[in-house]
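Here is how the chains run, residue by residue.
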Amino acid sequence: MKITVIGCGRWGSFIAWYLNKIGNNVILYGRESSKKFQQFKNTRTNGMIELPESIELSSDLSVTKDSEIIVISVGAQVFRNVLEELKEYDLKDKIFVLCMKGIEIESTERLSEIAEANVDYSNRIAVWLGPGHVQEFYKGVPNCMVIDSKNEACKKFLVEKFSSPLIRFYYGNDLLGNEIGAAAKNVIGIAAGALDGLGLTSLKGALMSRGTREVSRLIEKMGGNPFSAYGLCHLGDYEATVFSQFSNNRKFGESLVKGEKFEKLAEGYYTSKAMMKLKEEYKVDLPITEAVYNVCFNKRDAKEEIENLFLRSIKNEFA
């Protein structure tokens, strides 16, 4: 198949590599001004993966017109801008696959909702979510992921075409729950990093238990299946987000409480702000999210927030 991947960050570039590896004709798009794109043009590598010559590099979005599938992997807060740029090409009868995890702060909309409202009705929208790190996939370490869509035929088509021994895809059956769960796990990742930075790593078990319950409450209030929080898109992604040395969100949380600089994208930072708006809209208790938000945006003391979360409260375990 002809596929364009928009976004040449670590995940977008891996997706281009992966889809090419399993036999597709892939173009990787990046802005001409992007340092990451220029690095690929000059060296074919970003230090994590090396792109074969069979992957075309382009800074011209018009390449999407000839593609059957358009995969997008950009920051959640700039996603709407990308869709605005794509409107110029009047794209129809395409499959859009969204491969990032986040919630737009301004609207609190899920990314599939933003896509649905900003592309022609003839296009189909799907999400590709779940655990895994570029560094491990590139070494051949397999994992399981999820593809979900309102369109059942589209979902089945993508699972069949994208599956390989390296990534086993499952059919998602709760688009709302999977998107919220995937976005929220990055917030939990920041909290995990804060625990590491404060020397409280042993509290990660409590964080995982309480975090999953918290997110399940939000999903249920929003009209999704609360059990989606216990699937691959949230709890199933904790190993890669809460514990892994490769997790940007975990590392951001650790750097934050240590007062160190961290310049890579940590989507959980923005997601915590969006989730606080959802907290008010749906009247749901999100104590871990609130603690992360307070440390990130209100400059609260991380140790005090952690004590309030885990060490001072007395309550029923499954309240």
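This is a predicted model, so every value here is computed, not measured.

Calculation notes
Residues numbered from 1 in each chain as written. Predicted model: local features only at pLDDT ≥ 70, side-chain atom pairs only at ≥ 80, totals over all residues. Heavy atoms only, no water. Helix = DSSP H or I, 4+ residues; strand = E, 2+ residues; numbered from the N terminus. Buried < 20%, exposed > 50% of the residue type's maximum accessible area, 1.4 Å probe, protein only. Axes fitted to C-alpha atoms, helices over the stretch in contact; angles between N-to-C directions. Parallel < 35°, antiparallel > 145°, perpendicular 65-115°, else oblique. Left-handed = near helix turned anticlockwise from the far one by under 90°. Contact = heavy atoms within 4.5 Å. Nonpolar A, V, L, I, M, F, W, Y, C, P; charged D, E, K, R; others polar. Core = buried A, V, L, I, M, F, W, Y, C linked by side-chain atoms within 4.5 Å.

Note on backbone geometry: most residues besides glycine have negative phi, and most peptide bonds are trans. Residues other than glycine seldom take positive phi values, yet Thr108 does so here, at roughly 55°. Tracing the backbone shows Thr108 in the loop between β5 (95-98) and α4 (111-118). Overall, Thr108 belongs to the buried group, its relative accessible area being 13%. Positive phi, normally seen in glycine, also occurs at Lys299, with a value near 55°. Given a relative accessible area of 66%, Lys299 falls into the exposed group.

So, about the environment of Gly199. Within the fold, Gly199 resides in the loop between α7 (175-197) and α8 (204-222). Residue class for Gly199 comes out exposed when judged on its relative accessible area of 63%. For the pair formed by Gly199 and Lys261, sequence separation is 62 residues and the distance between their alpha carbons is 19 Å.

As a further point, take the packing of α7 against α8. Between α7 and α8, the least distance of the axes is 10 Å, while the angle of their chain directions is 150°. With respect to their mutual orientation, α7 and α8 come out roughly antiparallel. Between α7 and α8 lies a crossing whose hand is right-handed. Note on element contacts: α8 touches α7 through Lys204, Leu207, Gly211, Val215, Leu218, Ile219 and Met222, opposite Leu176, Gly177, Ile180, Gly181, Ala184, Ile188, Ala191, Ala192, Leu195 and Asp196. Residues that form the contact of α7 with α8 fall into these classes: twelve nonpolar, three polar and two charged.

Along an α-helix, residues three or four positions apart point the same way, because every turn accommodates 3.6 residues. Every buried residue belonging to helix α10 (residues 248-258) is among Asn248, Asn249, Arg250, Phe252, Gly253, Glu254 and Ser255, and all of these are buried. In the stretch just after α10, Gly259 is the one whose phi turns positive, near 75°.

Attention shifts here to the nonpolar core. Of all hydrophobic cores here, the largest spans 36 residues; its most connected members are Phe14, Leu19 and Trp128. The leading source of residues in this core is helix α1 (residues 10-21), at seven residues. If you look at the next biggest cluster of nonpolar residues, it comprises 34 residues, including Ile105, Leu176, Leu195 and Leu218.

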